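Residue strings, one per chain:
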Amino acid sequence: MKKMKLVLVGNGMAGVRTLEELLKIAPDLYDITVFGAEPHPNYNRILLSPVLAGEQTVDEIILNPLSWYEEQGITLHLGKQVTQIDRIKRRVIAEDGTEADYDRLLIATGSSPFILPVPGKDLDGVIAYRDIADTNAMIEAATKYRHAVVIGGGLLGLEAANGLMLRGMQVTVVHLGDWLMERQLDDHAGELLRKSLEQRGLRFLLGAQTQALIGDKDGRVMAVQFKDGKEIPADLVVMAAGIRPNTELAASAGIHCNRGIVVSDTMQTTTDPRIYSVGECAAHRGIAYGLVAPLFEQGKVCATHLAEFGIGRYQGSQTSTKLKVTGIDLFSAGDFMGGEGSEEIVMSDPFAGVYKKLVIKNDQLVGACLYGDTVDGSWYFKLLREGRKVADIRDKLMFGESNIGDVGHQGHSKAAAMADSDEVCGCNGVNKGTICKAIKEKGLFTLEEVRKHTKASASCGSCTGLVEQLLMFTAGGDYSATPKKKAICACTDMSHQDVRDAIFAEHLTSLDAVYQTLGWKTPNGCASCRPALNYYLISSWPKEAQDDPQSRFINERAHANIQKDGSYSVIPRMWGGETTADELRRIADAVDKYQIPTVKVTGGQRIDLLGVKKEDLVNVWKDIGMPSGHAYAKALRTVKTCVGSEWCRMGTQDSTQMGKDLERAMWRMYAPHKVKFAVSGCPRNCAEAGIKDVGIIGVDSGWEMYIAGNGGIKTEVAHFFTKLKTAEEVLEYTGAFMQLYRKEGWYLERTVHYVGRVGLDHVKARILDDHAGRKALWAELQFALDGEPDPWFDFDQAKVDLRQFEAV
Amino acid sequence: MSDWKTICAVADIPVLGARRVQRAQGPQVALFRTVDDQVFALLDRCPHKAGPLSQGIVFGKAVACPLHNWTIALDSGCAREPDEGATPTFTVRVEEGQVLLNQHELDTIAIELQPVKAGPCARAC
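Residue positions are counted from 1 within each chain, in the order its sequence is given. Here chains are named by letter from A upward and ligands by number from 1 upward, in the order in which they appear as written. Only residues with pLDDT of 70 or above have their local features reported here, since the model is predicted, and side-chain atom pairs are shown and tallied only from 80 upward, although totals for entire chains, interfaces and linings are computed over all residues. As a convention, hydrogens and water are excluded, and side-chain values are obtained from all of the structure's heavy atoms.

## Details of the overall build of chain B
Part 1 of the reasoning: The helix and strand inventory of chain B stands at two helices and 10 strands.
Part 2 of the reasoning: Relative accessible area decides the class of each residue, using a 1.4 Å probe on protein chains only: under 20% of the type maximum gives buried, over 50% gives exposed, and in between gives partly exposed. Within chain B, the proportion of its 125 residues that are buried is 50%.
Part 3 of the reasoning: Contacts are assigned to residue pairs with any non-hydrogen atoms lying within 4.5 Å of each other. In chain B, the share of contacts with a sequence separation of at least 24, taken over all contacts with a separation of at least 6, comes to 42%.
Part 4 of the reasoning: Counting only carbon and sulfur atoms, one obtains 49% of the accessible surface of chain B, whose full area is about 5900 Å². Strands are runs of DSSP state E lasting at least two residues, helices are runs of H or I lasting at least four, and both sets are numbered from the N terminus onward. Computed with the Shrake-Rupley method and a 1.4 Å probe, the accessible areas treat only the protein chains shown as cover for residues.

## Quick look at the interface of chain B and chain A
Part 1 of the reasoning: Residue-level contacts link 35 residues of chain B with 33 residues of chain A.
Part 2 of the reasoning: Summed over both partners, the accessible area (1.4 Å probe) lost when two parts come together is defined as the buried area. Here chain B meets chain A over a buried area of about 2600 Å², counting both sides, of which 54% is carbon and sulfur.
Part 3 of the reasoning: We define a salt bridge as a contact between a side-chain nitrogen of Lys or Arg and a carboxyl oxygen of Asp or Glu at a distance within 4 Å. Linking chain B with chain A are one salt bridge.
Part 4 of the reasoning: The shortest N-O distance in the salt bridge between E615 of chain A and R20 of chain B comes to 3.8 Å.
Part 5 of the reasoning: Distance and chemistry together define a polar contact, namely a pair of N or O atoms within 3.5 Å, with one atom able to donate a hydrogen and the other to accept it when in protein, and with adjacent residues in sequence counting only for side-chain atoms on both sides. Run the count over chain B and chain A and you get 14 residue pairs in polar contact (both at pLDDT 80 or more).
Part 6 of the reasoning: Looking at the side of chain B that touches chain A, the elements that each hand over two or more residues are β1 (4–9), β2 (17–21) and β5 (57–59) of chain B.
Part 7 of the reasoning: Broken down by element, the residue count for the side of chain B that touches chain A peaks at four residues, all from β2 of chain B.

## What to know about the sheet that holds strand β32 (residues 636–641) of chain A
What links the strands of a sheet is backbone hydrogen bonding, and the strands pair in either a parallel or an antiparallel sense.
All names here are of chain A.
Part 1 of the reasoning: Taking strand neighbours across the sheet as the criterion, the five strands line up as β32-β33-β34-β35-β36 in an open arrangement whose pairing is mixed. The open sheet has two edge strands, β32 and β36 (719–724), and neither has a second partner. For this sheet the average axis-to-axis angle between neighbouring strands, irrespective of direction, equals 20°.
Part 2 of the reasoning: Strands were regarded as paired on the criterion that DSSP finds at least two bridges between them. As paired elements, strand β34 (residues 694–699) and strand β35 (residues 702–707) share six bridges and run antiparallel to each other. Across the sheet, G695 pairs through a bridge with Y706, a residue of β35.
Part 3 of the reasoning: The axes used here are C-alpha line fits, helices contributing only the stretch in contact, and every angle between their N-to-C directions lies in the interval 0 to 180 degrees. Sheet contacts for helix α21 (residues 655–666): β32, β33 (675–680), β34 and β35; angle to β32, the most-contacted strand, approximately 170°.

## Some remarks on the pattern of salt bridges
Residue and element names in this part refer to chain A.
Part 1 of the reasoning: Under the defined criterion, the tally for this structure stands at 39 salt bridges over all chains.
Part 2 of the reasoning: In this structure, D122 engages K121 in a salt bridge whose closest nitrogen and oxygen atoms are separated by 3.7 Å.
Part 3 of the reasoning: Exposure remark for K121: the relative accessible area of 32% places this residue in the partly exposed category.
Part 4 of the reasoning: Across the pair D547 and R552 runs a salt bridge, and its minimum N-O distance is 3.1 Å.
Part 5 of the reasoning: The exposure class of D547 is partly exposed, given its relative accessible area of 21%.
Part 6 of the reasoning: On the accessibility criterion, R552 (8% relative accessible area) is buried.

## Details of the confidence of the model for chain B
All names here are of chain B.
Part 1 of the reasoning: The predictor attaches a confidence to each residue, and that confidence, scored 0 to 100, is pLDDT. Put simply, chain B has an average pLDDT of 88, and 91% of its residues get 70 or more.
Part 2 of the reasoning: Predicted confidence for residues 121–125 stays below pLDDT 50, and this span has one contact to residues more than four positions away or in other chains.
Part 3 of the reasoning: For this predicted complex, the interface confidence comes out at an ipTM of 0.90, alongside a pTM of 0.63.

## Focus on the sheet that holds β1 of chain B
Residues and elements named next belong to chain B.
Part 1 of the reasoning: Read across the open sheet, the three strands follow the order β1-β10-β9; overall the sheet is antiparallel. Two strands close off the open sheet at either side, each with one partner strand: β1 and β9 (92–95). Ignoring strand direction, the axes of neighbouring strands in this sheet form an average angle of 35°.
Part 2 of the reasoning: Pairing of β9 with strand β10 (residues 98–102) involves four bridges; the strand directions are antiparallel. The residue bridging V94 from the neighbouring strand is V99, located in β10.

## Section: the pairing of β35 of chain A
Residue and element names in this part refer to chain A.
Part 1 of the reasoning: With six of its six residues buried, β35 lies for the most part within the structure.
Part 2 of the reasoning: In sequence, β34 turns back onto β35 through a hairpin of two residues.
Part 3 of the reasoning: Sheet topology places β35 next to β36; five bridges connect them, and they run antiparallel. Residue pairing across strands places Y706 opposite F720, the latter belonging to β36.

## Points about the pairing of strand β24 (residues 354–361) of chain A
Residue and element names in this part refer to chain A.
Part 1 of the reasoning: Of all eight residues in β24, seven are buried; the element is thus mostly enclosed.
Part 2 of the reasoning: Counting the residues that bridge the hairpin from strand β23 (residues 343–349) to β24 gives four residues, and of these G353 lies at a positive phi of roughly 70°.
Part 3 of the reasoning: When β24 meets strand β25 (residues 364–371), the two strands line up antiparallel, connected through seven bridges. Each residue of the ladder has a partner; that of L358, found in β25, is A368.
Part 4 of the reasoning: Here β24 folds back onto β25 in antiparallel fashion, the turn holding two residues, of which N362 has a positive phi close to 50°.

## Comments concerning the packing of aromatic side chains
All names here are of chain A.
Part 1 of the reasoning: Each Phe, Tyr or Trp ring, with Trp reduced to its six-membered ring, pairs with another whose centre is within 6.5 Å; inter-plane angles below 30 degrees give stacked pairs, above 60 give edge-to-face pairs, and intermediate values give tilted ones. Throughout the structure, instances matching the rule amount to 14 aromatic pairs over all chains.
Part 2 of the reasoning: Taken together, a centroid distance of 5.0 Å and an interplanar angle of 80° make the contact between W68 and Y69 edge-to-face.
Part 3 of the reasoning: Classification of W68 by relative accessible area gives buried; the value is 12%.
Part 4 of the reasoning: The class for Y69 is buried, based on a relative accessible area of 1%.
Part 5 of the reasoning: With a centroid separation of 5.5 Å and 70° between ring planes, the pair formed by Y706 and F720 is classed as edge-to-face. Separated by 14 residues along the polypeptide, Y706 in strand β35 and F720 in strand β36 bring together distant segments of the chain.
Part 6 of the reasoning: With a relative accessible area of 40%, F720 lands in the partly exposed category.
Part 7 of the reasoning: Members of the aromatic cluster, joined through ring pairs, are W621, W792, F795 and F805.
Part 8 of the reasoning: Either the NZ atom of lysine or the CZ atom of arginine qualifies as a charge over a ring when it sits within 6 Å of the ring centre and within 35 degrees of the ring normal. Taking the ring centre of F783 as reference, the NZ or CZ of K543 above it sits at 5.1 Å.

## As for the side chain of R19 of chain B
Part 1 of the reasoning: Checked against the element boundaries, R19 of chain B lands in strand β2.
Part 2 of the reasoning: We score Asp and Glu as negative and Lys and Arg as positive, and we do not count His or the chain ends. In this structure R19 of chain B is buried but unpaired, with E806 of chain A as the nearest side chain of opposite charge at 4.9 Å.
Part 3 of the reasoning: Within the local environment of R19 of chain B, its side chain forms a polar contact with the backbone oxygen of R803 of chain A, the two atoms lying 3.2 Å apart.
Part 4 of the reasoning: Beyond its immediate chain neighbours, meaning those up to four positions away, R19 of chain B contacts R803, E806 and V808 of chain A together with D12, I13, P14, V29, A30 and L31 of chain B.

## Observations regarding the nonpolar core
Residue and element names in this part refer to chain A.
Part 1 of the reasoning: Among the nonpolar cores identified, the biggest contains 59 residues, and V499, W520, V570, L609 and L617 are the most heavily contacted of them.
Part 2 of the reasoning: Of the domains in this structure, domain 4 (496–552) and domain 5 (634–789) are the two that each give at least three residues to this core.
Part 3 of the reasoning: Contacts of L617, omitting those with residues within four sequence positions, involve A558, A560, Y568, V570, V612 and F805.
Part 4 of the reasoning: Among the buried residues, those of types Ala, Val, Leu, Ile, Met, Phe, Trp, Tyr and Cys that are joined through side-chain atoms within 4.5 Å form a nonpolar core. Judged by nonpolar contacts, the second largest core, of 44 residues, contains M138, V173, F204 and L330. Source of the domain bounds: an automatic or database domain assignment.

Following this line, the structure appears as structure tokens:
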């Protein structure tokens, strides 16, 4: 079949990233031609500041060398500016007459620096700061001249000023605003920044309006003149007063432009569906993004449409900022100015050079501005992006993630302080140095890329926060504008919530229906999405959806927990932790008969038989004759109990019976993740109910219910939920909470994270305030569990493939 | 040909699943079946920590190791980026719905590898 023709105008980061995404999913669909106005292959524009500052070289920031274009069979026209698009003949024409036909056209022309329209702007020595040529001109000027003036005290201007200063020039920053970086910082933080940069040797003129640039007799700039008549010497003037999307080419072809080339959520221009646009030249919902991560998101979406999958929508990004000036820590994101209708929490220590402002609106963090201490930037940004309700942590919010009571390594905001040799990812043994090196050398911007290249954070995920911080510190704020929603895996652009909603709305009951209806990119998913999809199907449509055993992890397929040597562990269910002499005898006999090497009492009051061969599993189950403990499943595992009023002289309630009742009511209950309960008979809480998904504590007047605790990687104390009078109520409320979690929790999301995401208030509204809703949830759960088989005995009904236990 | 040994029917392997083949000696071999009924055979050992690949989730032409989620290509036995390593492959023939393996390969490939040990016995040694 003849390939279609794709032409990319603009050889920058956004356009080429789109090609990379496209080549990943549809490598053979197009003959690709690329036009680049610069004479260089695709490079990392963000790293021009480190190049100017002498921290990196131009070669180090090349993203795709010329050989890459060759390997991909891409026709590359470097140093050729496209000047015309003939939409009738579907052809682009460059300045030198080079032509290329297209079936699809991608415009990624980026933006140009805004040049102040003042007299003298065309003098020698007046440049913008945009590309490699500008950077080289600045580096060269620094070897010959003394005085530099940077016009513009924004992000780019300050980075340019810092670089020139490091190269030995005396630099004055001229800024029209009353404080520096007014689009990223408030006046307090801007003032701290100015002081700190002044200490390093930069000079500032704030509120200064440039009137003219004055040249010498050779036509080179020699001074800058202001509105008030004042002049300062300047051998080099760098204009960094903002950028303008490059829309001339598109506009001349009759494509609708306002703040940029107007595109829809599919990144198609609203004028011509054959023509796409991504990057700084594109205006999506009225915003032209100037940071890299949103552009990459756009590229991803654009690629899926170019590949004719017809899926994926770009819905905008939240962005954050970090200044790439070594030694200066500032971070801002969202609506950091605050104002009407919002509340501010401010911490200011001008002497120590630390200032923090958090802006809260409707109980959500909507903005953050940090100066001097930015270790919690990525955490605040996460809260902001996810729109998490912060009422429960509000009093500790200002003091950072490390102060909200976790002992795991996720929350420690210590990325900056770590040594290169310190281990970040314990699962895969990756240290900080390795991660930072990969980020720098391979130009990584997203968590996903770091996972792919270094394996860090790719297993248990407990170091994700730390890796995100490393990304922020290494790649700068540009990285962190991650999308509002995260795709489940590379097989789709849809998030967990999207998929779950679609399964419900479209009444999908099989994996194939999901792949087809939702346009999966892979024929049968992957090991990440399949277990999640399978869970969403069976939890959305109990007794209707087709369970697919091959889409479950081996533990659930074999109904036992796989161990490091490929053997399995078997944990029979002991209701509420109680057992009998008969059961113990049968267990002991099975241990002898099948030569099971280890018998261990678990942390959850059960007996674990470790080292069972797969071929023996069925017989071990049969011999011990006890129900499956589901100790392998994303399901209800244990209900830990104390002895309660039955034996304990302190006990106020019969916690053992309560535990047994809860376990009998909810065993076989599949959930997004493993679920553990505990019931204590009195507030001494011997069953440690405070760190369980549901913890019940008996008191004189009845029961207290706690939810969303966790004893795992990151210990979390459960929230007090409500007080209940009767055992029936405990069952009903617990069951309703579980059903809500089953319906709303994302696969592999523990209750603590689920409740953190939706907010405790939401759960209270659904369970405590809505009486009919609660009863309905409890009834739904009972319906789903009614008749669910025990996989250790009802093989057929539980779809246990017995062939797996035998070798052929 | 006498060198080829009939192992089982394609239908005996679950779609997107695997079966283990017991050899006279040496670690077992894993047979995989893709969604379009292609059959592949690999040594049942992940190059990482010897996880039993036969117990992993099969997708496309790859399997995810059940222990630490390495992804191994079924046709080449190679681990996918960023992991490095390979699992020995066995030649598979499918004739009239039957899966055949080469007896010579079964007798020679990766015979000497010892299984991983776990449990108190392993600790004591």
